[in-house]
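# Secondary and tertiary structure notes
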Amino acid sequence: MGVLDEEIGLVQNAAYGAALLAGFVQGYHGHHAEKAGAPLPYVFVALPMLLHADFVDLIAGTRLGLRGFAEKCVSVEKAGTDLLLSINRRAAQYRGLTAGCIAVLLSTSVLHLDVVTGTLLPRGTTALGGRPNLPRAYGTATKLGGWFSELTPFEIGSILKVVF
């Protein structure tokens, strides 16, 4: 199996995506002022970003939050790549995979779905961070969740050029 085959397998693996979403939800919950759960629409935007190597690298290398990330996406080095504008399209393309990842997280009781608020909450207070064999981007997912927790849906939509 070649490197490309392995990468495609990871991207299409619901368990891999579920681990990333668990990190995102943990980061969101941990950084939110009221310890709220991550709204469902947010995870549908986050997963496609976390499955794209360029996004992961940009998030990992950004200290100034979601706005700083967006500025890097449109910087001179990334000119012509339309990274930022691709997020909304990717979110639509990855809906099925994202739904499958959520199903894995709910069926394994890693997350809880609050049906009243439409949010995902971690089941326990401990993050998966200490477990072996987590995806390389787990920490990046946690970071992204923290950024989302600091902003309103309008701000996230405006910054990332997505529609909820």
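Below is a short write-up of the structure.

Within the open sheet, the three strands sit side by side as S1-S3-S2. Their pairing is antiparallel. At either end of the open sheet lies a strand with only one pairing partner, and these are strand S1 (38–39) and strand S2 (111–114). The strands touched by helix H7 (residues 95–107) within the sheet are S2 and strand S3 (119–122), with S2 carrying the most contacts at an inclination of about 105°.

Looking now at the nonpolar core. One finds Phe24, Met49, Leu66, Phe69, Leu144, Phe148 and Leu160 to be the most contacted residues of the largest nonpolar core, which totals 43 residues. When residues of this core are traced back to their parent elements, those giving at least two are helix H2 (14–31), helix H3 (40–50), helix H4 (53–60), helix H5 (65–73), helix H6 (83–93), H7, helix H8 (138–149) and helix H9 (153–160). If sequence neighbours within four positions are ignored, phenylalanine 148 has contacts with Phe24, Tyr28, Tyr42, Val45, Leu66, Ile156 and Leu160.

Turning to H9, its buried residues number three or more, namely Ile156, Gly157, Ile159 and Leu160. The secondary structure elements touched by the buried residues of H9 are H3, H5, H6 and H8. Of the residues one or two after H9, lysine 161 is the one with positive phi, at around 60°.

Turning to the packing of aromatic side chains, a few remarks are in order. Following the criterion strictly, the structure yields six aromatic pairs and no others. An angle of 70° between the planes, with centres 5.4 Å apart, marks the rings of tyrosine 42 and phenylalanine 148 as edge-to-face. Taken together, the residues tyrosine 42 in helix H3 and phenylalanine 148 in helix H8 connect sequence positions 106 residues apart. Like tyrosine 42, the residue phenylalanine 148 is buried in the burial classification.

Here lysine 35, not a glycine, exhibits a phi torsion of approximately 55°, which is positive. With respect to the secondary-structure elements, lysine 35 resides in the loop between H2 and S1. Positioned with a positive phi, serine 109 is a non-glycine residue whose angle comes to about 60°. By the element assignment, serine 109 lies in the loop between H7 and S2.

Glancing now at the environment of tyrosine 28. Considering the arrangement of structural elements, one finds tyrosine 28 in helix H2. Along the chain, tyrosine 28 and glycine 146 lie 118 residues apart, while their C-alpha atoms are 4.6 Å from each other. Setting aside residues up to four positions removed in sequence, tyrosine 28 forms contacts with Ala36, Gly37, Ala38, Pro39, Tyr42, Gly145, Gly146, Phe148 and Ser149.

Criteria and thresholds
All residue numbers refer to positions counted from 1 along the written sequence of the respective chain. Reporting of local features is limited, given that this is a predicted model, to residues whose pLDDT is at least 70; pairs of side-chain atoms are given and counted only at 80 or more, and all residues count toward the totals for whole chains, interfaces and linings. Water and hydrogen atoms were dropped before computing side-chain values, which therefore reflect all heavy atoms in the structure. The rule for pairing is simple: two strands pair if DSSP sees at least two bridges between them. Here a strand is any run of E in DSSP of at least two residues, a helix any run of H or I of at least four, and the numbering for each starts at the N terminus. Contacts are residue-level and defined by heavy atoms, with any inter-residue pair within 4.5 Å sufficient. A fitted line through C-alpha atoms represents every axis, and for helices the fit uses only the stretch in contact; the resulting angles, taken between N-to-C directions, go from 0 to 180 degrees. Residues grouped as a nonpolar core are buried Ala, Val, Leu, Ile, Met, Phe, Trp, Tyr and Cys residues, joined through side-chain atoms within 4.5 Å. With a 1.4 Å probe rolled over the protein chains alone, any residue whose accessible area is under 20% of its type maximum counts as buried; one over 50% counts as exposed, and the rest are partly exposed. Stacked, edge-to-face and tilted are the three classes for Phe, Tyr and Trp ring pairs, Trp counted by its six-membered ring, which pair at centre distances within 6.5 Å; planes under 30 degrees apart are stacked, over 60 edge-to-face, the rest tilted.

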